[in-house]
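So you can see what is in the structure, the chains are spelled out below.
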Amino acid sequence: MKQFVIALLAVLLCPIGSAAASAPAADDLRPRFLLTGAQSRDSQDLSGQWTYSKDLYRTGLTDINGWVAKSRMQRYRDLDVAAEEARATTDFYEFDMDRGPLVAIPGAWNAAVPEMRYYDGLVWFQRRFKAPAPDGGRAFLRFEAVNYKAYVYLNGKEIGRHEGGFTPFVLEVTDVLRGGDNRLTVGVDSTHDAQSIPTFITDWDLYGGITRPVRLIRTPATFIDDAMLTMQADGRIVGEVRLQGDKAAGQAVTVAIGAVATATAKTDAGGRAVFDIAAPRLERWSPDSPKLYDVRFTAAGDTVRDRIGFRTIAVKGNQILLNGKPIFLRGISLHEEEFGPNPARNMTEQASRALFTEIKHGLQGNYVRLSHYPHSETTVRLADEMGLLVWSEIPVYWTVDWENPAVLRKALAMQAETIYRDRNRAAVVLWSVGNETPVSPARTAFHGAMADNVRAIDPTRLVSAALLVERSKENGEDVTVIKDPLVDKLDVLAVNTYAGWYGNDTLDALPALKWRVPADRPLILSEFGADALAGYRNDGMKKFTEEYQAQYYRQTLAMADRIPTLRGLSPWILKDFRSPRREHPVFQNGWNRKGLVSETGVRKEAFGVLTDYYRNRAKSTAGVP
Ligand code: GCU
């Protein structure tokens, strides 16, 4: 009855026309297969040279009248075109995936193929590969990310589709995979529209393609699909393991946490085993001591391994507590772009380590905002290893079709895919539900449904959102305030503020700017920043000079220090990044220049300003005044 009343209230309280009234339950959003811990399984990495075929008019999917595509254009056919042509029949073809040009996968086509720099549409990719004969187990393809829609075919048969450019998806190929030669064809459509997440309006580059690794994974007939452990506030270790397969029910599941604890539980009829382990003596994870334990899950002859750190994160009044102690988040924002003049969003461990080294050992940071979308699993695992706390978000960014239930479902599914992928990562402490979205009843209900979804799937982490601020006159004074009903759904408040860059505030005025924010909640400045072209100096205090950016940081940090509930910063942004919105021919040329370092890693003067500030913050006990 209680659930019914809650559901009824949810409908009655949701604004008319909001999509939130029809939000699906969290369990409905669980992907069919997860293969958590895939990185520990034997797999066949399908990275490498793939052929490709542009398809700007989508002829491989639909014909001119929306009918099924002509077979002579169906790129996904399991066909040796050259051999067919040698038979000189009446058939002819307007594609040949075997003789097409080659491109390196993973990576975006915009960087790999000069004439495709600004291509935004459908491209077909093909990879031929040999696989061992089926062995009675199961076979899956796991894509870590395809931006933006994926149409996946194996040996001419469609095996699945996915929408969303930054989260993994797993497709079963047990019955289609051949012992010997296989033909994998993936249609990738980078197009975004008013119903996509994000929409086509962003401040980052296109990066279309198979942008993260693809692997063929074989499992036993009954296998461990998901395995999660987390530390509770009282130190207990709780978690669950889910099996899939004919023999998933009634199986003994064992978890071993290094040499500190082991436990066994039995799966229920649905293949789910839950664990509740008395608080073991273990070293907690923290940025200063990022201890990870080798954890092994075994059941039904299957084994999955993970490296997991154990810590607690909470809010108490206006403090953020890590392992029960107040902490100040010394951070920076980051796009998923490797250093270099022509990034392909191919975030290898080496590329990610180069960026994180600048944050951890350059800036003296302990925190990173992985904006504005889920970054690669490689990056999040590296944050675990190096000791950087993480703000994670999906690209509900600027404006989204708030009143469309299908769009809300996409957002909630994207959140679920992110959380199930990363909930064993100690570094992830904040799930953000939005960035700079204009306040309206439908938008607030949409974000509220996202916050509810996060808490239903993962009640152990904090919920935030990067909000817009307003300037208002109070008693004749100019005050910066947060006028956003969404604050009631957030554990940690966060705001983006650009006074001194956008708008007409002078840098001299910044330290005296007054703020009025809720006293009972921690506040993060999730963005502030100014453009500077590396090397543009000695031209007075003009915008785009390094001197202006450095002084902007000094003045903004002085302003920030006067906010009594300030508990963290993630200035915008570590590195200059590609954006087609930024076209000043002298200072930008398609780059957003708010980085503290250039795209090739040249540090600007402001880098030192923030480093000095963080060194001082780190000296106080928890960095909290
Ligand atoms: C916004 C937005 C960023 C953008 C930045 C800018 O706050 O969140 O994605 O790049 O401002 O204007 O540079």
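Residues numbered from 1 in each chain as written. Predicted model: local features only at pLDDT ≥ 70, side-chain atom pairs only at ≥ 80, totals over all residues. Heavy atoms only, no water.

A look at the overall build of the chain
Part 1: Within the chain one finds nine helices and 33 strands.
Part 2: Against the compact-globule benchmark of 25 Å for 625 residues, the chain has a radius of gyration of 25 Å, which places it among compact chains.
Part 3: Taking the principal axes of its C-alpha atoms as reference, the chain extends roughly 85 × 60 × 50 Å. (Helix = DSSP H or I, 4+ residues; strand = E, 2+ residues; numbered from the N terminus. Rg over C-alpha atoms; globule rule 2.2 N^0.38 Å.)

A closer look at the UniProt feature "domain: Glycosyl hydrolases family 2 sugar binding" (unreviewed entry) in the chain
Part 1: Within this structure's numbering, the places UniProt gives as "domain: Glycosyl hydrolases family 2 sugar binding" (unreviewed entry) are residues 109-220.
Part 2: Note that residues 109-220 is 4% helix and 44% strand, and that its end C-alpha atoms are spaced 36 Å apart. (UniProt positions renumbered as here; feature names shortened; annotations may be inferred.)

Observations regarding the pattern of salt bridges
If charged atoms from side chains of opposite charge come close, those side chains can pair.
Part 1: Following the criterion strictly, the structure yields 62 salt bridges and no others.
Part 2: Two residues, Arg-183 and Asp-98, come together in a salt bridge whose shortest N-O distance is 2.9 Å. Linking Arg-183 in strand β9 (residues 180-189) with Asp-98 in the loop between α2 (81-86) and β3 (102-105), this pair joins segments that are 85 residues apart in sequence.
Part 3: The buried category is assigned to Arg-183, whose relative accessible area is 5%.
Part 4: Here Arg-353 ties to Glu-385 by a salt bridge, and the two come within 3.0 Å at their closest N and O atoms. Of this pair, Arg-353 sits in helix α4 (residues 349-362) while Glu-385 is found in helix α5 (residues 377-386), placing the two residues 32 residues apart along the sequence. (Salt bridge = Lys/Arg side-chain N within 4 Å of Asp/Glu carboxyl O. Buried < 20%, exposed > 50% of the residue type's maximum accessible area, 1.4 Å probe, protein only.)

Structural notes on the packing of aromatic side chains
Part 1: Taken as a whole and judged by the stated rule, the model has 26 aromatic pairs.
Part 2: Where Phe-143 meets Phe-169, the ring centres are 4.8 Å apart and the plane angle is 5 degrees; that geometry is what we call stacked. With Phe-143 in strand β5 (residues 138-143) and Phe-169 in strand β8 (residues 169-172), this residue pair connects regions lying 26 residues apart in the sequence. Neither residue differs from the other here; Phe-143 and Phe-169 are each classed as buried.
Part 3: When the centroid spacing of 4.6 Å and the interplanar angle of 5 degrees are considered together, the rings of Phe-544 and Phe-587 count as stacked. In this pair, Phe-544 is assigned in the loop between β30 (523-527) and α8 (546-560) and Phe-587 in the loop between β32 (577-578) and β33 (591-592), connecting sequence segments 43 residues apart. The pair formed by Phe-544 and Phe-587 is uniform in burial state, with each residue classed as buried.
Part 4: Feature note: the residues Phe-166, Trp-204, Tyr-373, Tyr-397 and Trp-398 constitute an aromatic cluster, connected by ring pairs. (Phe/Tyr/Trp six-rings, centres within 6.5 Å; stacked < 30°, edge-to-face > 60°.)

Focus: the site of the ligand
Part 1: Lining the immediate environment of the ligand, one finds 14 residues, of which Asp-203, His-372, Glu-436, Tyr-502 and Glu-527 sit closest.
Part 2: One nitrogen or oxygen atom from the side chain of Glu-527 is found 2.5 Å from an oxygen atom belonging to the ligand.
Part 3: Trp-572 has a polar side-chain atom sitting 3.1 Å from an oxygen atom of the ligand.
Part 4: Considered on its own, the ligand offers 320 Å² of accessible surface; in the complex 97% of this is hidden by protein. (Near = heavy atom within 4 Å. Polar contact = N/O pair within 3.5 Å; in protein donor to acceptor, adjacent residues only side chain to side chain. Areas by Shrake-Rupley, 256 points an atom, 1.4 Å probe, with all protein chains shown as cover.)

Brief notes about the pairing of strand β15 (residues 272-277)
Part 1: Side chains Ala-273, Phe-275 and Ile-277 of β15 all project onto a buried face; the interleaved residues Arg-272, Val-274 and Asp-276 project onto a face where none is buried.
Part 2: As paired elements, strand β12 (residues 237-244) and β15 share six bridges and run antiparallel to each other. Paired with Gly-239 across the two strands is Phe-275, which belongs to β15. (Pairing = 2+ DSSP bridges.)

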